[in-house]
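# Descriptive structure summary
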Amino acid sequence: MTGFVETFRGVVYPWDCDHLGHMNVKNYVGMFDQGAFHILSMMGFGSADMHDVGATLVDAQHTIKYLIEQPVGSLIRVESAVTRLGNKSIVVLHRMWNTETNEMGATSEVVSVYFDLKSRKSLPIPDAIRDRIKPFVVENPEG
């Protein structure tokens, strides 16, 4: 697998918007979060996997950039890829596109840590799991 994978599609409804007439921050976060669950599942971090192994990826940091306002009726697509695979963590970049204008509306960069659910501490990512993540890594996310 190369490049970004689609992880979410949706529409901006009137109740998703704030008093300024564009999608509210909480709904950007919600759409990115739904995309995150999909890419995590694709990499083998579904809820059943998490409980079977006793470890999973947990978010440690989010950085969102709002690029273009999304008004009511905007059709949204989120695509996601891993931009860094470290010893204990990964960085996933989510890009939100307006499918009608083909403009990037926002990005969300998430640092997630491999985490033992019992000890509540970070762990090195095992080689077998690294191998599952590698196909989702993009070398040049801007390209």
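The sections below set out a description of the structure shown in this document. The residue numbers shown here count from 1 along each chain, following its written sequence. Note on the predicted model: pLDDT of at least 70 is required for a residue's local features to be given, and 80 or more for side-chain atom pairs to be given and counted; whole-chain, interface and lining totals, by contrast, use all residues. Side-chain measures were taken over the full set of non-hydrogen atoms in the model, leaving aside hydrogen atoms and water.

M43, F45, V82, I90, Y114, I125 and I133 are the most contacted members of the largest nonpolar core, which has 16 residues in total. Among residues more than four places away in sequence, those in contact with I90 are M43, L57, V82, R84, L85, V110, V111, S112, I125 and I133. Listed in part, the 11 residues of the second largest apolar core include Y28, M31, F32 and A106. Buried Ala, Val, Leu, Ile, Met, Phe, Trp, Tyr and Cys residues that are joined via side-chain atoms within 4.5 Å together make up what is termed a nonpolar core. When accessible area is computed with a 1.4 Å probe and restricted to protein chains, residues below 20% of their type maximum are described as buried, those above 50% as exposed, and intermediate ones as partly exposed. Whether two residues are in contact is decided by their heavy atoms: any pair within 4.5 Å suffices.

Every other side chain in a regular strand lies on the same face of the sheet, so the side chains alternate between the two faces. Secondary structure elements follow DSSP: runs of H or I of four or more residues count as helices, runs of E of two or more count as strands, with numbering from the N terminus. Among the 11 residues of strand β3 (residues 75–85), 8 are classified as buried, and the element is accordingly described as predominantly covered. In this structure, strand β1 (residues 5–11) lies alongside β3, joined through 6 bridges in antiparallel fashion. When the sheet's bridge partners are listed, V11 is paired in β3 with L75. In the sheet, β3 pairs with strand β4 (residues 89–98) via 9 bridges, with the strands oriented antiparallel. Of the residues in β4, the one forming a bridge with V82 is V92. DSSP bridges decide pairing: two strands pair if at least two such bridges lie between them. The antiparallel hairpin formed by β3 and β4 contains 3 residues in its connecting segment.

To continue, consider empty space enclosed by the protein. Only protein atoms enter the 1 Å grid, on which a cavity is a set of points fitting a 1.4 Å probe that cannot get out and a pocket is an open set with protein on both sides within 12 Å along at least 5 of 7 lines, lining residues being those with an atom within 4 Å of a point. Grid points are joined across faces, edges and corners, and a volume is the space filled by probe spheres set on the points. Applying the stated criterion across every chain, the model contains 2 cavities of 30 Å³ or more. If you add up the space inside the largest cavity, you get close to 110 Å³. Taken together, 14 residues form the lining of the largest cavity, with A36, D59, H62, H94 and V110 sitting closest to its centre. Elements supplying a minimum of two residues to the lining of the largest cavity: α1 (25–42), β2 (55–66), β4 and β5 (103–116). Broken down by element, the residue count for the lining of the largest cavity peaks at 6 residues, all from α1.

Its location among the elements puts D59 in strand β2. Among the residues examined, D59 registers a relative accessible area of 41% and is labelled partly exposed. D59 sits 20 residues away from I39 along the chain, and the two C-alpha atoms are 13 Å apart. With residues up to four places along the chain from it excluded, the contact list for D59 reads V110, V111 and S112. Here H62 takes part through its side chain, which lies 3.0 Å from a polar atom of the side chain of D59. Two N or O atoms form a polar contact when they lie within 3.5 Å of each other; inside protein one atom must be a possible hydrogen donor and the other a possible acceptor, and for residues adjacent in sequence the pair counts only when both atoms belong to side chains.

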